[in-house]
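The chain contents come next:
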Amino acid sequence: MAGAVTVRLPDGSSKDLPAGSTAADLAAAIGPRLAKAAVAAEVDGRLTDLSAPLHRGEQVAIVTPSTDAGREVLRHSTAHVLAQAVLRLWPGAHYAIGPVIADGFYYDFELPGGAHFTDEDLERIEAEMRAIVAEDQPFVRHEHSIEEGLALFGEQPFKREIIEAVGRGADEVDAGPSGDRAPSVSTYWNSRAFTDLCRGPHVPSTKRLGHFKLMRVAGAYWRGDEHRPQLQRIYGTAWESAEALAPHLHRLEEAERRDHRRPGAELDLFSFPTEIGPGLAVFHPKGGIVRRVMEDYSRQRHEEAGYEFVFTPHVTKRDLFEISGHLQSFGDDIFPPMVVDEGTEYY
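About the cut-offs
- Residues numbered from 1 in each chain as written.
- Predicted model: local features only at pLDDT ≥ 70, side-chain atom pairs only at ≥ 80, totals over all residues.
- Heavy atoms only, no water.
- Helix = DSSP H or I, 4+ residues; strand = E, 2+ residues; numbered from the N terminus.
- Rg over C-alpha atoms; globule rule 2.2 N^0.38 Å.
- Buried < 20%, exposed > 50% of the residue type's maximum accessible area, 1.4 Å probe, protein only.
- Contact = heavy atoms within 4.5 Å.
- Areas by Shrake-Rupley, 256 points an atom, 1.4 Å probe, with all protein chains shown as cover.
- Core = buried A, V, L, I, M, F, W, Y, C linked by side-chain atoms within 4.5 Å.
- Pairing = 2+ DSSP bridges.
- Axes fitted to C-alpha atoms, helices over the stretch in contact; angles between N-to-C directions.
- Phe/Tyr/Trp six-rings, centres within 6.5 Å; stacked < 30°, edge-to-face > 60°.
- Lys NZ or Arg CZ within 6 Å of the ring centre and 35° of its normal.
- Patch = residues over 30% accessible without salt bridge, like charges linked within 9 Å, V, L, I, M, F, W, Y side chains within 5 Å.
- Salt bridge = Lys/Arg side-chain N within 4 Å of Asp/Glu carboxyl O.
- Expected span 1.5 Å × (residues − 1).

Draft legend 1. Inspection of the overall build of the protein chain at higher detail. Scanning the protein chain from terminus to terminus reveals 11 helices and 17 strands. Taking 20 Å as the expected radius of gyration for a compact globule of 347 residues, we find that the protein chain reaches 26 Å, considerably beyond that expectation. Taken over the C-alpha atoms alone, the protein chain extends approximately 85 × 50 × 50 Å along its principal axes. Counting only residues that meet the buried cut, the protein chain has 38% of its 347 residues in that class. For the protein chain, long-range pairs separated by at least 24 residues make up 58% of all intrachain contacts whose partners lie at least 6 apart in sequence. Roughly 20,500 Å² of accessible area belongs to the protein chain as shown, and the carbon and sulfur atoms make up 53% of that amount.

Draft legend 2. How the structure looks around the nonpolar core. In this structure, L82, V86, F109, I125 and I234 are the most contacted members of the largest nonpolar core, which totals 50 residues. For this core, the leading source of residues is helix α3 (residues 68-89), giving 8 residues. Among all residues touching I234, those that are not within four sequence positions of it are L82, V86, F105, Y106, Y107, F109, F117, L122, I125, L214, R216 and V217.

Draft legend 3. Quick look at the sheet that holds strand β9 (residues 140-145). Taken together, the 3 strands give an open sheet; going across it, the order is β9-β10-β11, and neighbouring strands pair in antiparallel fashion. Two strands bound the open sheet, and with one partner strand each, they are β9 and β11 (194-197). The sheet shows a mean angle of 30° between the axes of neighbouring strands, taken without regard to direction. Across the face of the sheet, α3 comes into contact with β10 (184-191) and β11 while running at roughly 130° to β11. Across the face of the sheet, helix α6 (residues 157-167) comes into contact with β10 and β11 while running at roughly 40° to β11.

Draft legend 4. Expanded view of the sheet that holds strand β3 (residues 40-43). Read from one edge to the other, the open sheet built from 3 strands follows the order β4-β3-β5, with strand pairing classed as antiparallel. Either end of the sheet is taken by a strand with one partner, and the two such strands are β4 (46-48) and β5 (60-63). For this sheet, the mean angle separating the axes of adjacent strands, direction not counted, is 30°.

Draft legend 5. View of the packing of aromatic side chains. As enumerated under the stated definition, the model contains 10 aromatic pairs in all. On the numbers, 5.1 Å between centres and 25° between planes, the contact of Y107 with F109 is stacked. With respect to class, Y107 is no different from F109; both count as buried. Each residue in the set W90, Y95, Y107, F109, F117 and F194 is aromatic and connected to the rest through ring pairs, giving one cluster. The side chain of R75 reaches across the aromatic face of W239, ending 4.4 Å from its centre.

Draft legend 6. Layout of a nonpolar patch on the surface. A contiguous nonpolar patch, built from V315, M338 and V340 and spanning about 230 Å² of accessible area, is present on the exposed surface. One can find V340 in strand β16 (residues 338-340). Exposure remark for V340: the relative accessible area of 39% places this residue in the partly exposed category.

Draft legend 7. Local environment of helix α9 (residues 285-304). The terminal C-alpha atoms of α9 lie 29 Å apart, and with 20 residues this matches the ideal 28 Å at 1.5 Å per residue to within 8%. Phi turns positive, to about 95°, at G306, one or two residues after α9.

Draft legend 8. Quick look at the environment of A102. Within the fold, A102 resides in the loop between β7 (100-101) and β8 (104-110). Distance from A102 to E308, taken between C-alpha atoms, is 44 Å for residues 206 residues apart in sequence.

Draft legend 9. Quick look at unusual backbone geometry. Cis geometry is adopted by the peptide bond preceding P201, which originates at G200 and carries an omega value of 0°. Tracing the backbone shows P201 in the loop between β11 and β12 (212-221). Despite not being glycine, D136 shows a phi value in the positive range, around 55°. The topology assignment puts D136 in the loop between α4 (119-134) and β9. With a phi angle near 60°, R223 is a residue other than glycine that sits in the positive phi range. Checked against the element boundaries, R223 lands in the loop between β12 and β13 (230-238).

In structure tokens form, the structure reads like this:
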């Protein structure tokens, strides 16, 4: 075929396409069912949009929603719809990042006037997301210079910080280095009223989404730094079908039902005060009795087995952590030392 682009397929075969063909054209050439199911493409091992043009010799696999890669694209695109819905409902909100995580996604926001999301807001946000899905908005990719990106997100401080970091060569969640090219960033426009900073890929349009559920609201510091602004985080999950979503929600319900924190609170055994920190339990009188009985039983069984008890200090001098290698490997992640005895450091 004159002027054809020949690409390689996962089964080792090849396909000739007219010059300028996209991954979507390849899916259509393979078959109508694949074209209907396709959400993205993997080109030479890299996920791309279906609208991406193909080049001679590339190895191309069409990504469908029931695969791990397809679900990642669905969740990433759903996170964008979440951001668009929040900005519709809270004009003037600042949006930060919305990455994919295990079985879902989240997005961080700073609401006007220091407002906070409530669990009751999730239903309203979901309804707005479904309206956006019904609008069949296309995800259209654009490339921008650093200066253009900064101007585009002039009222969005978190996006601007990401763009500025990319300009310095950093690899960010929503944007990364441009290799040998001048630093640039990419955006996706869902409509004239909404665009988001993102490296992609995304589904062709919002109508490909819809099987999602917003799960909960939490707080999160920008870039995980307690000295930076505290943002409002919304967690969600998204799947390729209602049949895939329902079992996942059921598993979460079962996990919550079996969560030890729930009977602990219901039986007045222990609690996790926010003033102390997550995962740090305070045992109430009833819980103290249960804990003492368990500890006594454990000691009894150890003694019966011939074990003897020793006790060590909770802190030691720096030298011991250097000998073990812990200080060299984890020094940046542990609590700072206590300095006593004329400068001796204890961990």
